[in-house]
Amino acid sequence: MSDQHYYFHAGKGGVGKSTTSTLSAMYLARTGRKVLLVSLDPAHNQADIFDTGFTGSPEEVAPNLRVAQADVDRWVTEYIKGVESQLQANYTYQTAFNLEKHLKVIKHSPGIEEYGLLLAFQHYRKKFPDADVIIFDMPPTALTTKFFNLPALSLVWLEQLITLRNEIIEKKELITKIQLGKKEIQCDKVSARLVQQRKFFTELRDIFESPARRSINLVVNPDRLSFAEAERIEAHFGEMNIPLTHIIMNKVTDACTWDEDSSILCSRGVCPLPLSPTPLIGPDALNAYLDAYGDRFAFLEQPLG
């Protein structure tokens, strides 16, 4: 799994990130690589593009290509169950305070949806190590940026919480001591959980910040509004220390013009994809497009060697 590479196709709604992620997955599958395409977009566009329904279990749609539609609500539910289990394990007196009823609030807490996306990401990369490449069709821009920012932001909080917990243990001696022969091991369930969370978020942060392991491709259209938002997205990712990889210019025609001096076009390689004369719905239409313009996707192989 250490050689597994992750592609993220991001962009504002309507630019065609679902279509470009599909074409990218099909292109890489044609090169002989084992590809898993996962939709994290609640719009379920992959089902429309392939003209078939998908579930959370990957389904083979072509040689070397499987597709799955992540159920983010399921992962949010899994997270809440985990919180409940931790409360029951760490605070045996919780029933007296009827804490179970407060768990319903967690489902609507800020950050819960992006945490669900992180759990889905971890699930697919760990459960399918045989995939050479996993391509993620991302949700709308605001949620995508929160998804990428959550690991680093959580680590800031966790470091403070771990320090605070250690001070509490030291001052109040809230600790369980287990004697194993002559060796004394100190255990604190809360500290152990915080350290576990730190490991989880550190692994994700390292992946997101490593261009050798992931490619973030921003999909835009050749128009001023699309460029303006793309420049804001690029600036935001730069602040997170997660640089974009490529700009995919989708729906390009001979009549299209754009500002070639745009900061985002000057700072990143631009990969233009022609506008299809027919709707890209179904395997036949998708394969026909790749037959005609497959060379335009060669940029995808650069990080793979």
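Calculation criteria
- Residues numbered from 1 in each chain as written.
- Predicted model: local features only at pLDDT ≥ 70, side-chain atom pairs only at ≥ 80, totals over all residues.
- Heavy atoms only, no water.
- Helix = DSSP H or I, 4+ residues; strand = E, 2+ residues; numbered from the N terminus.
- Buried < 20%, exposed > 50% of the residue type's maximum accessible area, 1.4 Å probe, protein only.
- Contact = heavy atoms within 4.5 Å.
- Areas by Shrake-Rupley, 256 points an atom, 1.4 Å probe, with all protein chains shown as cover.
- Pairing = 2+ DSSP bridges.
- Axes fitted to C-alpha atoms, helices over the stretch in contact; angles between N-to-C directions.
- Salt bridge = Lys/Arg side-chain N within 4 Å of Asp/Glu carboxyl O.
- Expected span 1.5 Å × (residues − 1).
- Core = buried A, V, L, I, M, F, W, Y, C linked by side-chain atoms within 4.5 Å.
- Arc of directions from axis to C-beta.
- Parallel < 35°, antiparallel > 145°, perpendicular 65-115°, else oblique.
- Nonpolar A, V, L, I, M, F, W, Y, C, P; charged D, E, K, R; others polar.

Describe in detail the overall build of the chain, supporting the description with residues and values.
Scanning the chain for helices and strands turns up eleven helices and ten strands. A buried classification covers 45% of the 305 residues belonging to the chain. Here the contacts in the chain between residues at least 6 apart in sequence split such that 74% fall between residues at least 24 apart. Of the roughly 15900 Å² of accessible surface on the chain, 53% is carried by carbon and sulfur atoms.

How would you summarise the sheet that holds strand 1 (residues 5-10) if you had to cite specific residues and measurements?
Read across the open sheet, the eight strands follow the order 3-4-2-5-1-8-9-10; overall the sheet is mixed. Edge positions in the open sheet fall to strand 3 (59-62) and strand 10 (269-274), since each of these has one partner strand only. On average, each strand axis in the sheet is inclined to that of its neighbour by 25 degrees, with strand direction left out of account.

So what's going on with the pattern of salt bridges? Which residues, and what values?
With the rule as written, the count across this model stands at eight salt bridges. The partner of Arg30 in a salt bridge is Asp291, with the nearest N and O atoms 3.0 Å apart. Residue Arg30 is located in helix 1 (residues 17-30), and its partner Asp291 is located in helix 11 (residues 283-293); the two are separated by 261 residues in the primary sequence. Accessibility expressed as a relative area gives 58% for Asp291, which makes it exposed. Note that Arg66 and Asp130 form a salt bridge whose closest N and O atoms lie 3.1 Å from each other.

Could you give me a rundown of helix 6 (residues 112-127), with the residues and numbers involved?
With 16 residues, helix 6 ought to run about 22 Å at 1.5 Å a step, and its terminal C-alpha atoms sit 22 Å apart, in line with that. The element helix 6 is largely enclosed, with a buried count of 13 among its 16 residues.

Residues and numbers for the nonpolar core, please.
Ranked by size, the top nonpolar core spans 52 residues in total, and within it Phe8, Phe121, Phe136, Phe147, Phe148 and Phe208 carry the most contacts. Here this core takes eight residues from helix 6, the largest share from any one element. Non-local contacts of Phe136, meaning those with residues more than four positions away in its chain, are made with Tyr6, Tyr7, Phe8, His9, Val38, Leu40 and Phe121. Residues Val15, Val35, Val133 and Cys271 belong to the second largest nonpolar core, which totals 28 residues.

How would you sum up helix 9 (residues 224-239)? Please name residues and give values.
Relative to the 22 Å expected for 16 residues at 1.5 Å per residue, helix 9 spans 23 Å between its end C-alpha atoms, a close match to the ideal helical length. What helix 9 keeps buried is the set Ser226, Phe227, Ala230, Ile233, Glu234 and Phe237. Across the axial projection of helix 9, the buried residues extend over an arc of 120 degrees, all falling on one side. Exposed and oriented more than 90 degrees from the buried face of helix 9 are Arg224, Leu225, Arg232 and Glu239.

Can you lay out the packing of helix 6 against helix 8 (residues 189-208) for me, pointing to particular residues and giving the numbers?
Relative to each other, helix 6 and helix 8 sit at 75 degrees, their axes nearing to 12 Å. As summarised for this structure, helix 6 and helix 8 are arranged roughly perpendicular, according to the angle between their axes. The residues of helix 8 that touch helix 6, namely those facing Tyr115, Leu118, Leu119, Phe121, Gln122, Arg125 and Lys126, are Gln197, Phe200, Phe201, Glu203, Leu204, Ile207 and Phe208. Here the contact of helix 6 with helix 8 is built from residues that sort into nine nonpolar, two polar and three charged.

I'd love a proper account of unusual backbone geometry, names of residues and values included.
Backbone geometry places Asn241, a non-glycine residue, at a positive phi of 60 degrees. Secondary-structure assignment places Asn241 in the loop between helix 9 and strand 9 (246-252). At Lys251, a position not held by glycine, the phi torsion is positive, near 65 degrees. Counting through the fold element by element, Lys251 comes out in strand 9.

Keep in mind these numbers describe shape, not what the thing actually does.
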